[in-house]
Amino acid sequence: GQQLNQSPQSMFIQEGEDVSMNCTSSSIFNTWLWYKQDPGEGPVLLIALYKAGELTSNGRLTAQFGITRKDSFLNISASIPSDVGIYFCAGQAAGNKLTFGGGTRVLVKP
Amino acid sequence: EPEVTQTPSHQVTQMGQEVILRCVPISNHLYFYWYRQILGQKVEFLVSFYNNEISEKSEIFDDQFSVERPDGSNFTLKIRSTKLEDSAMYFCASSSLYEQYFGPGTRLTVT
């Protein structure tokens, strides 16, 4: 089946830093979605991307749909403590089924 | 803001018992989904439902699983005879088209 490789698996942030994570796949997706999941809760939709090359922002979040349709990245600018959580990319190929990446765990530097 | 709701938040059951997980999708959405997440792992697709029938299902969704939309608001997932490996968070999601909105999940623990 389709696989999404998400990196990094985890990262430490300091308040004010910019954060970047990405997903790559060996197959093409038609839609990319980015979600954030806090402990014990469901994934919350952050950004949806529909066209190759599309760059979309939502507040301090920016995401891009790769030109090849096989990758996407998410940037968080000027991170704040509530950015801590797990971020998942998810792709849709044919049909509406979402294939999720393994997640990027964002933690605060002690 | 409309949201997907799920009940119960936590269900403990014994192996071999039947469980029904319930969801109320966002009211004007047409597509409904179940996903599961085993502790510490990625979210996995189980099944999608549209126009009162299953539109797609994964290998996980075997004949022990079934879904139903018994009325205009509820969407249920039934596991007929639970196994230990069914222990996971189960998420319901709904969409009007591509953007899927997830519920808070039901934690299923099979003992």
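Our subject is the structure listed above.
This structure is a prediction, so every number in the text was calculated from the model and none was measured.

Visitor: Tell me about the overall build of chain A, and please be specific about residues and values.
Guide: The helix and strand tally for chain A stands at zero helices and 11 strands. Along its sequence from the N terminus, chain A presents helices and strands in the succession β-β-β-β-β-β-β-β-β-β-β. A compact globule built from 110 residues would reach a C-alpha radius of gyration of about 13 Å, and chain A, at 13 Å, matches this within 12%. Expressed along its principal axes, the backbone C-alpha trace of chain A runs to roughly 40 × 25 × 20 Å. In chain A, which comprises 110 residues, the proportion classed as buried is 45%. Intrachain contacts of chain A at a sequence separation of at least 6 include 52% that bridge at least 24 residues. For chain A, the centre of its 8 positive side-chain charges and the centre of its 8 negative side-chain charges are spaced 10 Å apart.

Visitor: Describe the packing of aromatic side chains, and please don't skip the residues or the numbers.
Guide: Within this structure, the stated rule accounts for 16 aromatic pairs over all chains. Ring plane angle 65 degrees and centroid distance 5.2 Å describe the contact between Phe 29 of chain A and Trp 32 of chain A, whose orientation is recorded as edge-to-face. The exposure classification of Phe 29 of chain A matches that of Trp 32 of chain A, with both residues buried. Both rings, one in Tyr 35 of chain A and one in Phe 102 of chain B, keep their centres 5.2 Å apart while their planes meet at 85 degrees; by these two values the pair is edge-to-face. Here Tyr 35 of chain A, found in strand β4 (residues 31-37), pairs with Phe 102 of chain B, found in strand β10 (residues 101-102), and the two come from separate chains. What links up through ring pairs into an aromatic cluster is the set Tyr 35, Phe 88 and Phe 100 of chain A together with Tyr 33, Tyr 35, Phe 45, Phe 91 and Phe 102 of chain B.

Conventions used here
- Residues numbered from 1 in each chain as written.
- Chains lettered and ligands numbered in written order.
- Predicted model: local features only at pLDDT ≥ 70, side-chain atom pairs only at ≥ 80, totals over all residues.
- Heavy atoms only, no water.
- Helix = DSSP H or I, 4+ residues; strand = E, 2+ residues; numbered from the N terminus.
- Rg over C-alpha atoms; globule rule 2.2 N^0.38 Å.
- Buried < 20%, exposed > 50% of the residue type's maximum accessible area, 1.4 Å probe, protein only.
- Contact = heavy atoms within 4.5 Å.
- Lys, Arg positive; Asp, Glu negative; His and termini not counted.
- Charge placed at Lys NZ, Arg CZ, Asp CG, Glu CD.
- Phe/Tyr/Trp six-rings, centres within 6.5 Å; stacked < 30°, edge-to-face > 60°.

Everything listed here is a matter of coordinates, which is why it stays silent on function.
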